[in-house]
Amino acid sequence: MGKRGDRRGARPVLFAALGIALLLVLWQAGHLAYGSLVLPGLGETIAALWRMTLAGEVGPALAATAFHAAGGWVVGVAVGVLAGTLAGLVDDIRFTLRPVAIILLGVPAIAWIVLALLWFPGHSAVVFTVAVVTAPIVFAAAAEGARSLDGDLAKMARAYRAPPAAMALDVYAPHMLSHLFPAFTATLAMSWKVSVMAELLSGVGGIGDGLAAARARVDTAETMAWVVVLVVVLIVVDRILLQPFQRRAELWRETGTPAP
C-alpha cells in the first residue's frame, strides 16, 4: 500500500517535470529559429534575471506587485463573499445583485484599468482594478454555495439537534469552502496578472513597471526575465499556500470516503 502511494505521489511530479522540460525545449527552439530580438534564449534570460537581481530591481518590484495583488484580492474576496452569501440566502438580494455581477464580469480588465487610472491616484488604481475584477467571480461562488446550504447533511445535523457552533464549523463552513476555494485559487492567480497589467500602464512600480521599462528599451531578455519572475511567484504561491490549504480544507471530505 505504501509503495502504491509513493508511485501515485511520484507520477504527477514526474510528468510535471516532463511538461516543463518540453516547454523549455520549445522555448530554446523558438530562440534558435527567430533570434534573440524576438525570443531570447534561456541563457540570455537567466543572465538578465541575475543582472536585475544584483541591481536590486527584483525585490522591490515583487514587493510592490504583491502589495497590489494581495490588497485588491482581499477587498474583492471580502465583498464577493459577503454579497454572494446574502444573495444566496435572500432571493430579492440575488435578483438585484446578479445582473450587476454579470455586468461587472463583462467589462474587460483593461477597461477597468483605464477607468481606475482616471478615478484613483497611483497605487489605489491598481488595488481597485484587482478588486473589481475578482469580486464578481467570488460572488458567484458564494451565492451558489449559500443557496445549497440546506442539504441532506445540514438536515440530518438539525434532526440530531447539533449545536449552532457545530453546524457552523462542521457543516456550513466546509460546504461553503468547497464552493469558494476554486474561486479563491482562480482569483488569486488572476490578481497577480491584473496587477502586472495595471502597473504596466500606470507606472506605479512593480513587475508591470519593469516590463514597461524593458519594452521601452526593446530589451526582450529583460522582458522574459520579468515573465519568469511572475511565473515562479505563481508556482510558489500555489505550492506553498494554496495546495496545503486545500488539503486541510478538504479533510472533511476524506473522512467519509472509503479507501480505494
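These numbers were taken from a predicted model, which means no experiment stands behind them. (Residues numbered from 1 in each chain as written. Predicted model: local features only at pLDDT ≥ 70, side-chain atom pairs only at ≥ 80, totals over all residues. Heavy atoms only, no water.)

So, on to the packing of helix 5 (residues 109–119) against helix 6 (residues 122–147). One way to put it is that helix 5 packs onto helix 6 with a least axis distance of 9 Å and a crossing angle of 140°. Looking at the two axes, helix 5 sits oblique to helix 6. Remark: the crossing between helix 5 and helix 6 carries right-handed chirality. Only Ala125, Phe128, Thr129, Val132 and Val133 of helix 6 make contact with helix 5, whose side of the interface consists of Ala109, Trp112, Ile113, Ala116, Leu117 and Trp119. For the contact of helix 5 with helix 6, the class distribution of residues is 10 nonpolar, one polar and no charged. (Axes fitted to C-alpha atoms, helices over the stretch in contact; angles between N-to-C directions. Helix = DSSP H or I, 4+ residues; strand = E, 2+ residues; numbered from the N terminus. Parallel < 35°, antiparallel > 145°, perpendicular 65-115°, else oblique. Left-handed = near helix turned anticlockwise from the far one by under 90°. Contact = heavy atoms within 4.5 Å. Nonpolar A, V, L, I, M, F, W, Y, C, P; charged D, E, K, R; others polar.)

By the definition in use, this model includes three salt bridges. Note that aspartate 219 is salt-bridged to arginine 51, the shortest N-O span being 3.9 Å. Taken as a pair, aspartate 219 in the loop between helix 9 (207–216) and helix 10 (220–249) and arginine 51 in helix 2 (residues 42–54) lie far apart in primary sequence, 168 residues in all. Judged by relative accessible area, which is 45%, arginine 51 ranks as partly exposed. (Salt bridge = Lys/Arg side-chain N within 4 Å of Asp/Glu carboxyl O. Buried < 20%, exposed > 50% of the residue type's maximum accessible area, 1.4 Å probe, protein only.)

Another point: the packing of aromatic side chains. Here the structure, examined in full by the defined rule, presents four aromatic pairs. Centroid distance tryptophan 112 to phenylalanine 128: 6.1 Å. Interplanar angle 75°. Geometry classified as edge-to-face. Highlighted residues: tryptophan 112 in helix 5 and phenylalanine 128 in helix 6, separated in sequence by 16 residues. For tryptophan 112, a relative accessible area of 9% puts it in the buried group. (Phe/Tyr/Trp six-rings, centres within 6.5 Å; stacked < 30°, edge-to-face > 60°.)

Looking now at unusual backbone geometry. Even without being a glycine, valine 218 presents a positive backbone phi close to 55°. Its place among the elements puts valine 218 in the loop between helix 9 and helix 10.

The next thing to look at is the nonpolar core. Of all hydrophobic cores here, the largest spans 29 residues; its most connected members are Met176, Leu180, Phe184, Ile207 and Trp226. Elements represented by at least two residues in this core include exactly helix 2, helix 3 (58–89), helix 6, helix 8 (164–202), helix 9 and helix 10. (Core = buried A, V, L, I, M, F, W, Y, C linked by side-chain atoms within 4.5 Å.)

With 13 residues, helix 2 ought to run about 18 Å at 1.5 Å a step, and its terminal C-alpha atoms sit 18 Å apart, in line with that. Within two residues after helix 2, glycine 56 carries a phi angle of roughly 80°, on the positive side. (Expected span 1.5 Å × (residues − 1).)

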